[in-house]
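# Per-entry structural report
Chain by chain, the residues:
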Amino acid sequence: RGEVRCGKYRLPRESPSSPRKRGSMDEAVAGHSMFAGVVARLQILMKRPTVYILAAKPRGTLYVGVTSNLVRRIWEHREGTTGGFTARHCVKRLVWYEQHETMRSAIAREKLLKRWLRPWKFELIRTTNPKWRDLWPDIIGRARAGNPAN
């Protein structure tokens, strides 16, 4: 079929001949000098082992992951460049993250969280993010989404 189902929405499926190409985050901001410096600072700041939880909606489908570069990885999930579970289930809202000193400790924590029951994960999110806000604007340094001036 020519579409992809994402929750209640039907999105057109991109064909290989589609003129729109998804590149890297670096390519996406290359033409925007206003954001290039911000992204460079964020990449340095966020290149720490991090465990994160994404949600489709409050108390919805969850995804637990680990990365060494939170900004890049969340951007990949949001843009759908990686495919897989998060793209199939429209899981794009960053609701919790925890930074670690070593990748070994981050991976151990991720494995532990993946074994947790859903109510335990909900409680973990509720303790730091009771309204299930998307934390993406916070990690890229903006107070509110849609306000690129900040």
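Residues numbered from 1 in each chain as written. Predicted model: local features only at pLDDT ≥ 70, side-chain atom pairs only at ≥ 80, totals over all residues. Heavy atoms only, no water.

### Details of helix H3 (residues 70-79)
The element H3 is extensively covered by neighbouring structure, given that seven of its 10 residues are classed as buried. Regarding H3, the residues found buried are Leu70, Val71, Arg73, Ile74, Trp75, Glu76 and His77. Looking at the residues trailing H3, positive phi occurs at Gly80, about 75 degrees. (Buried < 20%, exposed > 50% of the residue type's maximum accessible area, 1.4 Å probe, protein only. Helix = DSSP H or I, 4+ residues; strand = E, 2+ residues; numbered from the N terminus.)

### Quick look at the pattern of salt bridges
Using the criterion set out here, one finds seven salt bridges in the structure. The partner of Arg109 in a salt bridge is Glu98, with the nearest N and O atoms 2.9 Å apart. One end of the pair, Arg109, is in helix H5 (residues 103-115); the other, Glu98, is in strand S5 (residues 93-99), and 11 residues separate them in sequence. In this structure Glu98 comes out as partly exposed when scored by relative accessible area, which is 23%. Of the charged contacts in the structure, one is a salt bridge between Lys114 and Glu110, with a shortest N-O distance of 3.8 Å. Placement of both Lys114 and Glu110 in helix H5 is noted, with a separation of four residues, approximately one turn of the helix. Of the residues examined, Lys114 reaches a relative accessible area of 46% and is grouped as partly exposed. (Salt bridge = Lys/Arg side-chain N within 4 Å of Asp/Glu carboxyl O.)

### Brief notes about the pairing of strand S3 (residues 50-55)
Judged by how many residues are buried, S3 sits mostly within the fold: six of six residues are covered. As paired elements, S3 and strand S4 (residues 62-67) share six bridges and run antiparallel to each other. Among the inter-strand pairings, Val51 is bridged to a residue of S4, identified as Val66. Following S3, the chain reverses through six residues before pairing antiparallel with S4; Arg59 in that reversal takes a positive phi of roughly 60 degrees. (Pairing = 2+ DSSP bridges.)

### Describing the side chain of Thr67
Topologically, Thr67 is positioned in strand S4. Thr67 sits in the buried class, given a relative accessible area of 10%. Side-chain polar atoms of Thr67 contact the backbone nitrogen of Asn69, separated by 3.1 Å. Once residues within four sequence positions are removed from consideration, Thr67 is found in contact with Arg48, Pro49, Thr50, Tyr52, Arg73 and Met103. (Polar contact = N/O pair within 3.5 Å; in protein donor to acceptor, adjacent residues only side chain to side chain. Contact = heavy atoms within 4.5 Å.)

### Brief notes about the sheet that holds S4
Paired through backbone hydrogen bonds, the strands of a sheet run either parallel or antiparallel to each other. Judged by pairing direction, the sheet is antiparallel, and its three strands sit side by side in the order S4-S3-S5 without closing on themselves. If you trace the sheet from one side to the other, it starts and ends with S4 and S5, each paired once. Averaged over all neighbouring strand pairs, the angle between strand axes comes to 20 degrees, with direction disregarded. As paired elements, S3 and S5 share six bridges and run antiparallel to each other. Of the residues in S5, the one forming a bridge with Ile53 is Trp96. In the packing of H5 onto the sheet, contacts are made with S3, S4 and S5, and the angle to S4 comes to roughly 165 degrees. Contacts from helix H6 (residues 118-128) reach S3, S4 and S5 within the one sheet, and its direction differs from that of S4 by about 70 degrees. (Axes fitted to C-alpha atoms, helices over the stretch in contact; angles between N-to-C directions.)

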